[in-house]
Amino acid sequence: MYKLSGVLLSENEIKQKVNELAQVIESDYEGQDILLVGILKGASVFVADLMRAIKLDVNIDFMSVSSYGSGTTSSGTVKILKDLDVDIDGKNVLIVEDIIDSGATLRNLYDTLMTRNPKSLRLCTLLDKPSRRKVNIDVDYVGFVIEDKFIVGYGIDYDEKYRNLPYIGIVEDI
Ligand code: 5GP
């Protein structure tokens, strides 16, 4: 059994952070186009807010991946369930993820997209749990560094529940 046991990040804190990230991204990519690649389903809410906060020419596409392996740690291989619709050759691509835990998902995704010859490839995550990292990966834009708690909300689920919470909550076993 589990229950939602508290709020980790409020709607307002998230909104402020999304605006801050958008400003940094805007100045880094000044005068250039960006393709945001949202990772389904968890990053759907974040990428929708982020794209509206970036005052540049922004395109959006989505990928859906699943990590092989059982239990709570990713094995290091990702299976592409839905690939990009567009060719990223010569484009500035920014992968937008909800949360980085072991880092395996993003590491694999990064290496896969790198083979497609983008002009640039960077990573943005709303949440980062560095204490759980198993794979070395540089993340260019990080919203919040958080402790090792199981979180939900703002697009992120537990068993497909809680994605529609406007804040980030903590789920605990009871
Ligand atoms: P990684 O490959 O970095 O270990 O896994 C990242 C993925 O694990 C995230 O995209 C997310 O789906 C899942 N994940 C990691 N930590 C949490 C968490 O606290 N809550 C939820 N709901 N999913 C998490």
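Up top is the structure.
Bear in mind the structure is a predicted one, so any value in this text is a computation, not a measurement.

Visitor: What exactly am I supposed to notice about unusual backbone geometry here?
Guide: One can expect most non-glycine residues to show negative phi and most peptide bonds to be in trans. For the peptide bond that leads from Leu40 to Lys41, omega is -5°, which places it in the cis range. Tracing the backbone shows Lys41 in the loop between strand 2 (34–40) and helix 2 (44–53). Positive phi, close to 50°, is recorded for Tyr154, a residue that is not glycine. Its place among the elements puts Tyr154 in the loop between strand 8 (151–152) and strand 9 (168–173). Although it is not a glycine, Tyr162 sits at a positive phi angle of roughly 75°. Tracing the backbone through its elements, the reader meets Tyr162 in the loop between strand 8 and strand 9.

Visitor: It is not clear to me how the packing of aromatic side chains should be interpreted in this structure. Could you clarify?
Guide: Tallied over the entire structure, the rule returns two aromatic pairs. Ring plane angle 85° and centroid distance 5.4 Å describe the contact between Phe150 and Tyr158, whose orientation is recorded as edge-to-face. Judged by its relative accessible area of 40%, Phe150 is partly exposed. One aromatic cluster is present, built from ring pairs that chain together Tyr2, Phe150 and Tyr158. Here the guanidinium or amino end of Lys17 rests over the ring plane of Phe144, the centre of that ring lying 5.0 Å away. Directly above the aromatic system of Tyr29 lies the positively charged group of Arg122, at a separation of 4.9 Å from the ring centroid.

Visitor: How do you make sense of the sheet that holds strand 5 (residues 92–100) when you look at a structure like this?
Guide: Sheet strands pair by backbone hydrogen bonding; their relative direction is either parallel or antiparallel. If you trace the six strands from one edge of the open sheet to the other, you get 4-3-2-5-6-7, paired in mixed fashion. Edge strands, defined here as strands with exactly one partner in the open sheet, are strand 4 (78–82) and strand 7 (141–145). Ignoring strand direction, the axes of neighbouring strands in this sheet form an average angle of 30°. Across the sheet, helix 1 (residues 11–28) touches strand 2, strand 5, strand 6 (120–128) and strand 7, and the angle it forms with strand 7 is around 160°. Packed onto the sheet, helix 3 (residues 104–114) meets strand 2, strand 3 (58–67), strand 4, strand 5 and strand 6 and runs at close to 165° relative to strand 5.

Visitor: Just checking my understanding: could you explain the pattern of salt bridges for this structure?
Guide: Where charged atoms from two side chains of opposite charge come close, those side chains can pair. Applying the stated criterion across every chain yields a total of 16 salt bridges. One salt bridge connects Asp101 with Lys129, and the closest N-O pair in it is separated by 3.8 Å. Separated by 28 residues along the polypeptide, Asp101 in the loop between strand 5 and helix 3 and Lys129 in the loop between strand 6 and strand 7 bring together distant segments of the chain. Classification of Asp101 as partly exposed rests on a relative accessible area of 21%. A relative accessible area of 7% places Lys129 in the buried class. Notably, a salt bridge pairs Glu160 with Arg163, separated by 2.9 Å at the nearest N-O pair.

What counts, and where the lines are drawn
Residues numbered from 1 in each chain as written. Predicted model: local features only at pLDDT ≥ 70, side-chain atom pairs only at ≥ 80, totals over all residues. Heavy atoms only, no water. Helix = DSSP H or I, 4+ residues; strand = E, 2+ residues; numbered from the N terminus. Phe/Tyr/Trp six-rings, centres within 6.5 Å; stacked < 30°, edge-to-face > 60°. Buried < 20%, exposed > 50% of the residue type's maximum accessible area, 1.4 Å probe, protein only. Lys NZ or Arg CZ within 6 Å of the ring centre and 35° of its normal. Pairing = 2+ DSSP bridges. Axes fitted to C-alpha atoms, helices over the stretch in contact; angles between N-to-C directions. Contact = heavy atoms within 4.5 Å. Salt bridge = Lys/Arg side-chain N within 4 Å of Asp/Glu carboxyl O.

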